[in-house]
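Summary of the model geometry
The residues making up each chain are set out below.
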Amino acid sequence: MSATTVSAQTLAIHGGSPVRASFLPYGRQSVDEADIAAVVEVLRSDWLTTGPKVAEFEEAFAVRVGAAHAVSFSSGTAALHAAASVAGLKAGEEAITTPMTFAATANCVLYQGATPVFADVRGDTLNIDPEQIEKKISPRTKAILPVDYAGHPAELAPILEIARRHGLIVIEDACHALGAEYSGRRVGSIADMTVFSFHPVKHITTGEGGMVATNDPQFAETLRRFRNHGISSDARQRQTAGQWHYEMVLLGFNYRLPDIVCALGIQQMKRLDANLVRRREIAALYTKAFQEIFSVIPPTVRAEASPAWHLYPIRLDLKKLTADRTQIFRALRAENIGVNVHYIPVHLHPYYRERFGYKGGEFPMAEDGYTRLISLPMFHGMSDQDVQDVIRAMTKVMSCFAR
Ligand SMILES: Cc1ncc(COP(=O)(O)O)c(C=O)c1O
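If you're wondering where the values come from, they're calculated on a predicted model, not measured in any experiment.

What follows concerns the layout of surface pockets. As a volume, the largest pocket reaches approximately 440 Å³. Along the walls of the largest pocket sit 22 residues, with E58, R224, R227, D234 and Q237 positioned nearest its centre. Of all the elements in the fold, those that place two or more residues in the lining of the largest pocket are helix 2 (52-65), strand 1 (69-73), helix 7 (217-226) and helix 8 (235-241). The element that contributes the greatest number of residues to the lining of the largest pocket is helix 2, accounting for five residues. Taken as a whole, the second largest pocket holds about 370 Å³ of empty space. Along the wall of the second largest pocket there are 24 residues; nearest its centre are F102, S197, H199, K202 and Y343.

See the structure below:
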C-alpha cells in the first residue's frame, strides 16, 4: 500500500498506524507500595511459610466470600485437586464438567484417577447447561464441577438441586469469579466447595495461589491435611504446643501457600471491592460502545447474576463480517490491543482427543462459541484511555471488515 493511501483508518495490519503505541495486555496485576512493604515485613520475620499470615489471609477471605472456612493452596489447580480428592473422587467414578474452561478444571478429575464427563454449555453465558448435566448423570457420577465462565456465576440453583437429588457433590470452579454474586448470595458461600485462583490476571494476586471455600468443617479439615502431606497438624501448631509428634493420616501433597505471599494476599484483599467496581465500569463502557457495532455480541448478564468480570469475551457475528476470528484477532493485535481467546474447549486438546477419542462435534454450543470468541483487555488497572483505545481499535477493525 502506498503512503498516500494510508489514513488513520488504515488498519495497522495493512500498514497503517496502530491505535496505540504500546501493547495493552488482556490482563495484568496491580501491586502497590503497601503490598511490597507487607511482603518485606514477612521476609524479615521468623515465618516464611505456614506461619501467622496463612490463617490471617484465610480468615479475611472466608469473611469476604461468606464461607465458614477458607483453605489456601499453592495454586488454583492445587485447590481443585484437593477439592476433587476431598469429594472422594476415585478410579471408576465420574465428574461432570464444562468443556468451556481452562484444562485444569477437568484435569483435577484425572488426577484422582476418575473420568471427566463433559456437558455442553448455554448459548448466552457459555456456562454449563443444567439440562445437559442431567443427561450425563450415570451410576458412576460423584460430582459436578461447574465453572463461572468469565466471572459470570454458573446456574447454581438448578445445579445444586440436581446434585441433591442424585447425592452428588458440587465443586464450583470460581477461579474467574471472586466477588461475584448469584441471586444475592456470594460466590464461595453456595456450593459444597468453591475454588479460587490468585494468578496475576485474577481479581487479586499472590503470584501463584488458590483457595477452597466451604461451609463444611469436615471438608475444611481434610483440605488442610491434603495440602500438607496428609499430616494431622502443621509445623507451627506443633511448635506452639511444644510437641514433635505428628501423624500422616492420608496421602497428601505439599500444596502450601507461603506466608510471604499470604501477606500479599491480605493486602490485595483490601482492594478487592475497588477492583470489582473498576471491572464493572469497564464492562459497562464496552457493552455500551458495542451496541453500535452490529458484528459484535457482548457477553450476556443474567438477571440473577452479578459477575466479577475476570474476562470480557465478545463473540463475533461472522455473517456480518468479511473476515474470520483469526483475521480479526491479528488485526486487533496489530493495533497493539492484547486480545486473547478463552477457551479452546477442553475435549479438543490433543491429550483429551487421544485419551478419550473426541473428534469435535460432540459439544456444538461450546465449539461454536470457541470459533467466534475474542477476550478483550479487562483488568482493574486499566485507565480510561486504555478502555477508549480498545473501543477505538474495535470500531476501526470491525468497520473495515463489515459486510
Ligand atoms: C477456570 C480456571 N480454573 C482453574 C484455573 C487454574 O488456576 P491456577 O492458574 O491458579 O492454577 C484457572 C487459571 O487460570 C482457570 O481459569
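Picking up where we left off.
In terms of nonpolar packing, the biggest core is built from 35 residues, with Y286, F290, Y312, I314, I328, L376 and M394 touching the most fellow members. Of all the elements in the fold, those that place two or more residues in this core are helix 10 (272-290), strand 12 (312-316), helix 11 (325-334), strand 13 (373-376) and helix 14 (384-400). Among the elements that take part in this core, helix 14 stands out by supplying seven residues, more than any other. Leave out the neighbours within four places in its chain, and F290 touches V296, P298, Y312, I314, L376 and M394. Of all hydrophobic cores here, the second largest spans 29 residues; its members include A79, V86, A143 and Y255.

Among all positions in helix 1 (residues 33-43), only D35, A38, V39 and V42 are buried. Along the long axis of helix 1, the arc covered by the buried residues comes to 95°, so they all point the same way. Opposite the buried face of helix 1, at more than 90 degrees from it, the exposed residues are E33 and E41. Of the surrounding elements, those touching the buried residues of helix 1 are helix 2 and helix 9 (259-269).

Let us now look at the site of the ligand. For the ligand, the set of nearby residues contains 15 residues, the closest of which are G76, T77, D173, S197 and K202. In the model, an oxygen atom of the ligand is placed 2.7 Å from a nitrogen or oxygen of the K202 side chain. In the model, an oxygen atom of the ligand is placed 3.1 Å from a nitrogen or oxygen of the Y343 side chain. A total of 390 Å² of accessible area belongs to the ligand in isolation, and the protein chains cover 91% of it. In this structure, the ligand is accommodated by the second largest pocket. Mapped by element, the contributors of at least two residues to the shell around the ligand are helix 3 (76-86) and helix 4 (103-111). Among the elements that make up the shell around the ligand, the one with the highest residue count is helix 3 (three residues).

Evaluation of the coordinates by the stated rule reveals 20 aromatic pairs. Arranged with centres 5.4 Å apart and planes meeting at 55°, the rings of F57 and F198 form a pair that is tilted. Taken together, the positions of F57 in helix 2 and F198 in the loop between strand 8 (193-197) and strand 9 (210-214) put the pair 141 residues apart, joining distant regions of the chain. Judged on exposure class, the residue F57 and its partner F198 are both buried. Centroid distance F226 to F253: 5.3 Å. Interplanar angle 45°. Geometry classified as tilted. Of this pair, F226 sits in helix 7 while F253 sits in the loop between helix 8 and helix 9, and the two are 27 residues apart along the sequence. What makes F253 partly exposed here is its relative accessible area of 33%. Over the ring of Y370 we find R325, and its NZ or CZ is 4.7 Å from the ring centre.

Criteria and cut-off values
- Sequence order as written defines residue numbering, which begins from 1 separately in each chain.
- A pLDDT threshold of at least 70 governs which residues receive local features in this predicted model, and a stricter bar of 80 or more applies before side-chain atom pairs are shown or counted, although totals over entire chains, interfaces and linings include all residues.
- Note that water and hydrogens are dropped before the side-chain values are worked out from all heavy atoms of the structure.
- Definitions used for this entry: grid spacing 1 Å over protein atoms alone; cavity, a set of points where a 1.4 Å probe fits but cannot get out; pocket, an open set with protein on both sides within 12 Å along at least 5 of 7 lines; lining residue, one with an atom within 4 Å of a point.
- Grid points are joined across faces, edges and corners, and a volume is the space filled by probe spheres set on the points.
- To qualify as a helix, a DSSP run of H or I must reach at least 4 residues; to qualify as a strand, a run of E must reach at least 2; elements of each kind are numbered from the N terminus.
- In these notes, a set of buried Ala, Val, Leu, Ile, Met, Phe, Trp, Tyr and Cys residues joined through side-chain atoms within 4.5 Å is what counts as a nonpolar core.
- Working definition: with a 1.4 Å probe on protein chains only, accessible area under 20% of the residue-type maximum means buried, over 50% means exposed, and in between means partly exposed.
- Two residues qualify as a contact provided that any one of their heavy atoms is within 4.5 Å of a heavy atom in the partner residue.
- Directions are taken from the helix axis to each C-beta atom, and the arc is the one they span.
- The near set for a molecule or strand comprises every residue that places at least one heavy atom within 4 Å of it.
- The term polar contact refers here to a pair of N or O atoms within 3.5 Å; inside protein, the definition further demands a hydrogen-donor-capable atom paired with an acceptor-capable atom, and it admits residues adjacent in sequence only when both atoms are side-chain atoms.
- The protein chains shown are the only cover counted for residues, whose accessible areas, like all others here, come from Shrake-Rupley with a 1.4 Å probe.
- Should more than half of a molecule's atoms lie within 2 Å of a pocket's or cavity's grid points, that molecule is taken to sit in it.
- Whether two aromatic rings pair depends on their centres lying within 6.5 Å, for rings of Phe, Tyr and Trp, where Trp uses its six-membered ring; planes under 30 degrees apart make the pair stacked, over 60 edge-to-face, and the rest tilted.
- Should the NZ of a Lys or the CZ of an Arg lie within 6 Å of a ring centre and within 35 degrees of the ring normal, that charge is described as sitting over the ring.

These figures capture arrangement, not role.
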